[in-house]
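Structural characterization, general
This is what each chain is made of:
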Amino acid sequence: MQRLMLSVMLILSSLYACFAQSYSLRFFGNGVNDIDRVKIQIDDPTNNLPGPPADIGATDFTIEFWMKADAADNPTSAVSCGWNVNWIYGNIIIDRDRFAQDRKFGISVAGGRIVFGVSGNGTGDFTICGTSNVLDGQWHHIAVQRRRSDGYMWLYVDGRLEAHGDGPNGDISYPDNGVPCSWCCNGSCNFSDPYLVFGAEKHDYDPNTYPSYNGYLDEVRLSTVLRYAGNFTRPTQPFTPDSATAALYHFDEGAGTVILDSSNAPGGPSNGELRYGGNPAGPIWTTDTPFRRAGDVDGNGCVDDADLLQVLFAFGSTGGAADVNSDGIVDDADLLIVLFNFGSGC
């Protein structure tokens, strides 16, 4: 009896882990009124205290995330890259700008290509551009990196290095004694400058010239190291935190306006705020994510007869795609996961 109860508990535990719903955020590019975005405060202008761990830039760093968007929703033209700040003219995905000041960076998509730009502390501005079209309605993994010592920058799309170059060096974290511009944002920039923003141009200055991102965003990780030394296989599962994780946003809350940082970084968490609004109103929670749906053994997005048959034919074997819960054996737990999710995504 005890063995039976233990088996049931293990199966239920496995099912719980697999049934935990994953979410992403869908932005609509409104770019006005401080809405349709996620904001993470990285500095308090009223004091000189250090910011939270999400205030990266004082060391090497890597920013990575998943995105899914269409060209019709992000119609900005391609920009020229090099010694400039042209990233601000794309549909802005991640914005850590400082209005009319140095020590800033951002990521956008322009002409279907990812654009990553950095401004040093009096050491110039530099932008690198990807080469592949990411506005095709498919999920893409994006990673950008910067080395502090010499300012060298890298840009990867789906694990492939697409651009790199020697940019401005030095510390580009938000200054602890930073003072936002008092007149640039139709008044003070206190509401926008000391924030890291996802899904929008942070200042709402001119949405026609500096447009916001219109699409899906998921699994944002900020790291204080250079994660990648060359081409890599894009992730197949959500990230787990390690000692180099400064902030990690799974966007799996599914409701509400609090965006949790799962990094466990000392000095954290660097939680964020979802600012909902606009027309259409966003961002909204969605179950469209870059990772395989629970029970989708063959990875075609639909849990159906084919998945059920794969588990049945592999029953009792070790490992493989039919081992849905990755416990090392294809058994009742895997079969139940497929059955409980049957029809999902079809």
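Each value, and the rule that gives it
Residues numbered from 1 in each chain as written. Predicted model: local features only at pLDDT ≥ 70, side-chain atom pairs only at ≥ 80, totals over all residues. Heavy atoms only, no water. Core = buried A, V, L, I, M, F, W, Y, C linked by side-chain atoms within 4.5 Å. Buried < 20%, exposed > 50% of the residue type's maximum accessible area, 1.4 Å probe, protein only. Helix = DSSP H or I, 4+ residues; strand = E, 2+ residues; numbered from the N terminus. Contact = heavy atoms within 4.5 Å. Pairing = 2+ DSSP bridges. Salt bridge = Lys/Arg side-chain N within 4 Å of Asp/Glu carboxyl O. Disulfide = S-S within 2.5 Å.

We now examine the nonpolar core. Counting 45 residues, the largest nonpolar core has I63, F65, M67, I114 and F198 as the members making the most contacts within it. Residue contributions to this core peak at 4 residues, all from strand β3 (residues 61–68).

Let us look at the environment of D218. Tracing the backbone through its elements, the reader meets D218 in strand β12 (residues 216–223). On the basis of relative accessible area, D218 is assigned to the buried category, the value being 2%. In this structure the C-alpha to C-alpha distance between D218 and N47, which are 171 residues apart in sequence, comes to 32 Å. Discounting residues that sit within four places of it in the chain, D218 has contacts with Y23, S24, F65, W66, W139, H250, F251, T289 and P290.

Spatial ordering of the open sheet is given by β7-β6-β5-β4-β11-β2-β15-β14, a layout of 8 strands whose pairing is antiparallel. Across the chains shown, the open sheet's two edge strands, defined by having one partner strand only, are β7 (125–129) and β14 (258–259). Two strands pair when backbone bridges link them, and strand β2 (residues 37–41) and strand β15 (residues 272–275) are joined in this way by 3 bridges, in the antiparallel orientation. In the sheet register, V38 faces β15, and the bridge partner there is L274.

Cis rather than trans, the peptide bond between N279 and P280 has omega equal to 0°. Note on placement: P280 falls in the loop between β16 (277–278) and β17 (281–282). In this structure, P283 follows G282 across a cis peptide bond, with omega equal to -5°. Of note, P283 is situated in the loop between β17 and β18 (284–286). Residue N186 is not a glycine yet carries a positive backbone phi of 55°. Mapped onto the fold, N186 is located in the loop between β10 (160–166) and β11 (195–198). Among the residues examined, N186 registers a relative accessible area of 73% and is labelled exposed. The backbone phi angle of D204 is positive, close to 55°, even though this residue is not glycine. Within the fold, D204 resides in the loop between β11 and β12.

Taken as a whole, this structure holds 14 salt bridges when the rule is applied. The shortest N-O distance in the salt bridge between E162 and R160 comes to 2.9 Å. Overall, the relative accessible area of 11% leaves E162 in the buried class. When salt bridges with common partners are traced through the structure, they connect D34, R37, K39, D204, E273 and R275 into a single cluster.

Our next topic: the state of the cysteines. On inspection of all chains with the given rule, the structure shows 3 disulfides. In this model C81 forms its disulfide with C129; the gap between the sulfur atoms is 1.5 Å. Placement of C81 in the loop between β3 and β4 (91–96) and of C129 in strand β7 is noted, with a sequence separation of 48 residues between them. The disulfide partner of C181 is C184, and the gap between their sulfur atoms is 2.0 Å. Residues C181 and C184 share a disulfide whose torsion about the S-S bond is about 75°; that sign makes it right-handed. For C184, a relative accessible area of 4% puts it in the buried group.

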